[in-house]
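Read off the chains here:
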Amino acid sequence: MSGKRAMVAAVAAAVLGAGLAVHAGVASGADSTDFPHRGDIVSLPKDLKDRLIEQAGRPSTYQPMQAFAEATNADGSPKPSQLVQYALLDTKNFQPNQFTSIIPGVNDGVPPTATGPNHNQPTIGATRVVVEPKPGLPTDPNDPGAFIDMFTDISGLFVINNESGWYEGWMIHDVTVPQVAAPRADKHAAFGTITQADADALKKRGTGNNTPGHVFSVDGNAPHTPAATDHYPDKVSNTVPVQLSLGAYNATQQSDLHSYWEFNEYTDWTPPTYELPFTGGLPGTPQFAQNSPSIVPGSGPAGKKNSPQKFGDVPNLPRDPDRILDNDASTPTNDDHKEQRLRFLPSGLSNEVLLDAYVRPASFEPYKTNLSERIFDAYAQEVARIDTNHDGVVQATEADVEGTSDGGQSNDRLFLPAPAFNRMAVTREINDGLLSPRFAPSQRAWVLSGDFTLLKPPFPPASTAQDGDNR
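Residues numbered from 1 in each chain as written. Predicted model: local features only at pLDDT ≥ 70, side-chain atom pairs only at ≥ 80, totals over all residues. Heavy atoms only, no water.

This part is about the overall build of the chain. Secondary structure assignment for the chain yields eight helices and 14 strands. Taken over the C-alpha trace, the chain has a radius of gyration of 23 Å; the compact-globule value for 471 residues is 23 Å, and the two agree within 12%. Over its C-alpha atoms, taken along the principal directions, the chain stretches across nearly 70 × 65 × 55 Å. Counting across all 471 residues of the chain, residues that qualify as buried make up 50%. Element-wise, carbon and sulfur atoms account for 54% of the exposed surface of the chain, whose accessible area totals about 21,400 Å². (Helix = DSSP H or I, 4+ residues; strand = E, 2+ residues; numbered from the N terminus. Rg over C-alpha atoms; globule rule 2.2 N^0.38 Å. Buried < 20%, exposed > 50% of the residue type's maximum accessible area, 1.4 Å probe, protein only. Areas by Shrake-Rupley, 256 points an atom, 1.4 Å probe, with all protein chains shown as cover.)

Of the residues in the chain, 90% reach a pLDDT of 70 or more, and the chain-wide mean stands at 90. In the predicted structure, residues 7–12 sits below a pLDDT of 50 and forms two contacts with residues beyond four places in sequence or in another chain. Scored below 50 in pLDDT, residues 14–30 shows 22 contacts in the model against residues more than four places distant or in partner chains. (pLDDT = per-residue confidence, 0-100. Contact = heavy atoms within 4.5 Å.)

With that settled, the discussion passes to empty space enclosed by the protein. Evaluated as defined, the whole model comprises six cavities of 30 Å³ or more. Every residue lining the largest cavity is counted, 13 residues in all, and those nearest its centre are Pro241, Gln243, Pro271, Thr273 and Leu276. Among the elements of the structure, β6 (241–249) and α7 (347–359) are those that each provide at least two residues to the lining of the largest cavity. Examining the composition of the lining of the largest cavity, we find that three residues originate from one element, β6, more than from any other. Put simply, the second largest cavity is a space of about 80 Å³. Taken together, Glu265, Tyr266, Trp269, Ile324, Asp326, Lys338, Ala396, Ala399, Asp400, Val401 and Phe415 make up the full set of residues lining the second largest cavity. Taken together, the residues of the lining of the second largest cavity break down into seven nonpolar, no polar and four charged. (1 Å grid on protein atoms, 1.4 Å probe; cavity = no way out; pocket = protein on both sides within 12 Å on 5 of 7 lines; lining within 4 Å. Points joined across faces, edges and corners; volume = space filled by probe spheres on them. Nonpolar A, V, L, I, M, F, W, Y, C, P; charged D, E, K, R; others polar.)

Bringing the sheet that holds strand β2 (residues 82–89) into the picture now. Strand order in this open sheet of eight strands is β6-β5-β12-β13-β2-β3-β4-β7, and the pairing throughout is antiparallel. Each end of this open sheet is capped by a strand with a single partner; those strands are β6 and β7 (256–263). Direction aside, the axes of adjacent strands within the sheet are offset by 20° on average. The pairing of β2 with strand β3 (residues 124–131) spans seven bridges and is classified as antiparallel. Residue pairing for β3: Ala87 is matched across the bridge by Thr127. Each of β5 (166–174) and β6 is contacted by α7, which is oriented at about 140° to β6, the strand it contacts most. (Pairing = 2+ DSSP bridges. Axes fitted to C-alpha atoms, helices over the stretch in contact; angles between N-to-C directions.)

Take the side chain of Arg343 next. Summarising the element assignment, Arg343 is placed in the loop between α6 (308–311) and β9 (345–346). Buried and unpaired, Arg343 has no salt bridge, with Glu275 as the nearest side chain of opposite charge at 5.6 Å. Polar contacts involving the side chain of Arg343 include one to the main-chain carbonyl oxygen of Ser294, which spans 2.9 Å. Those residues within four positions of Arg343 in sequence are excluded, and the remaining contacts are Pro272, Ser294, Ile295, Pro297, Arg319, Tyr379 and Leu435. (Lys, Arg positive; Asp, Glu negative; His and termini not counted. Salt bridge = Lys/Arg side-chain N within 4 Å of Asp/Glu carboxyl O. Polar contact = N/O pair within 3.5 Å; in protein donor to acceptor, adjacent residues only side chain to side chain.)

If you add up the space inside the largest pocket, you get close to 980 Å³. In this structure, the largest pocket is lined by 33 residues; those nearest its centre are Ser245, Pro321, Asp322, Phe344 and Leu435. Contributions of two or more residues to the lining of the largest pocket are made by β5, β6 and β7. Ranked by residues supplied to the lining of the largest pocket, first place goes to β6 with four residues. Class assignment of the residues belonging to the lining of the largest pocket gives a composition of 17 nonpolar, seven polar and nine charged.

What follows concerns the environment of Ala380. The topology assignment puts Ala380 in helix α8 (residues 371–386). For the pair Ala380 and Pro223, spaced 157 residues apart in the sequence, the C-alpha separation amounts to 28 Å. With near-sequence residues (within four places) excluded, Ala380 lies in contact with Ser299, Ala302 and Gly303.

The full count for this structure, using the stated rule, is 18 salt bridges. A salt bridge links Asp40 to Arg128; the shortest N-O distance between them is 3.3 Å. In this pair, Asp40 is assigned in the loop between α1 (3–16) and α2 (46–56) and Arg128 in strand β3, connecting sequence segments 88 residues apart. What makes Arg128 buried here is its relative accessible area of 1%. For the salt bridge of Glu339 with Arg341, the shortest nitrogen-to-oxygen distance reads 2.7 Å.

Further remarks concern the packing of α7 against α8. Between α7 and α8, whose axes approach to 8 Å, the crossing angle comes to 135°. Relative to α8, α7 is oriented oblique. Considering how the two elements wind past one another, α7 and α8 form a crossing that is right-handed. The residues of α8 that touch α7, namely those facing Leu349, Glu352, Val353, Asp356, Ala357 and Tyr358, are Leu371, Arg374, Ile375, Ala378, Tyr379, Glu382 and Ile386. (Parallel < 35°, antiparallel > 145°, perpendicular 65-115°, else oblique. Left-handed = near helix turned anticlockwise from the far one by under 90°.)

Shown next as structure tokens:
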């Protein structure tokens, strides 16, 4: 070992050694005595408030993020945002992996890469989901048109350095068995429903769990969400998740992480479900994908394939998936200038694809049993119902929440509202070119998870004075 490497190893061993005191200069609870009384914290539910106070008292670069109001009353005073739901995050409820634990023969003898900082303190976090009561916009979080802020604070994730890696947050909706309704004219189940023939087939599986209103399970037994006792690939979760990205995360000094994200009709879009067979998380699929099937927007292996020169990330006009918002009332909206090369789908449409593939054994391609083929076919067919210009891409104008599609149905149906997401996870991503969570839908790259707690009205105030960011 070279002299420099030996010195680095010695320092690392000292840092990891038990009993070393935290340096007096590290930001800690000394500057957080007023934190519990901060306007966005004081009225929160006790378990959420306690978690954030615990994080504020740990060695940290910053306190948990301050949630500012983004709406005003008629007199111009701030109108507080209100808490919709929240998640408490930790590493306890999924199979330990090399990011969250030391596994003999795999990563013993090297410093931990994700969790275990500050003398192996548990890695914990919290996410607050608050609705902005903006004038003229829905304030019901179950309305897809509502604007919702999401604040995630995590204590104990190491900074990522190599191979363009990042952490990523995910809201998760476990597909639920829908109600029975009459089929469409083509015998396919109507949007958001199953046929009686589907229901009859589902009841025969397992212990009969898959009845309307129940969380769907692939084996027909009671739903089993991820647990520490899981063992991939023979003992794993049996639910089917729709996973919505909360964006990329990275940590600051003191393994401190804070992320803000906006949930609304422009961000409530999910990775293409046709990627799932390539991520390595589905049984019987390759463990690693060698290339990305979604570099160029289109409707997947069974659908429309587009030219990279026109639909790819063109150098003279780079793709900008954020360029789909409407302007405010003072400036006319130019729909032609909205990004038209989107790879994601509205979350409710992704849910519809998974209903086809998993939950409609009689009304969707009963002659096909290969799961990958069912996902590919479902993706192509469901996109085609919305895709009015037949380019294989669902554009913002085609999925506008105020518009209609597929025979005059409201586009509200294309988006899952925030309360429909029942779980959350944080993953350790790497630059593999795929948009779905690494190894989706398995938990082999998870570093944190937690269930959402949904609050019923009235929601407590969850913000302080208004700031200047009112987009």
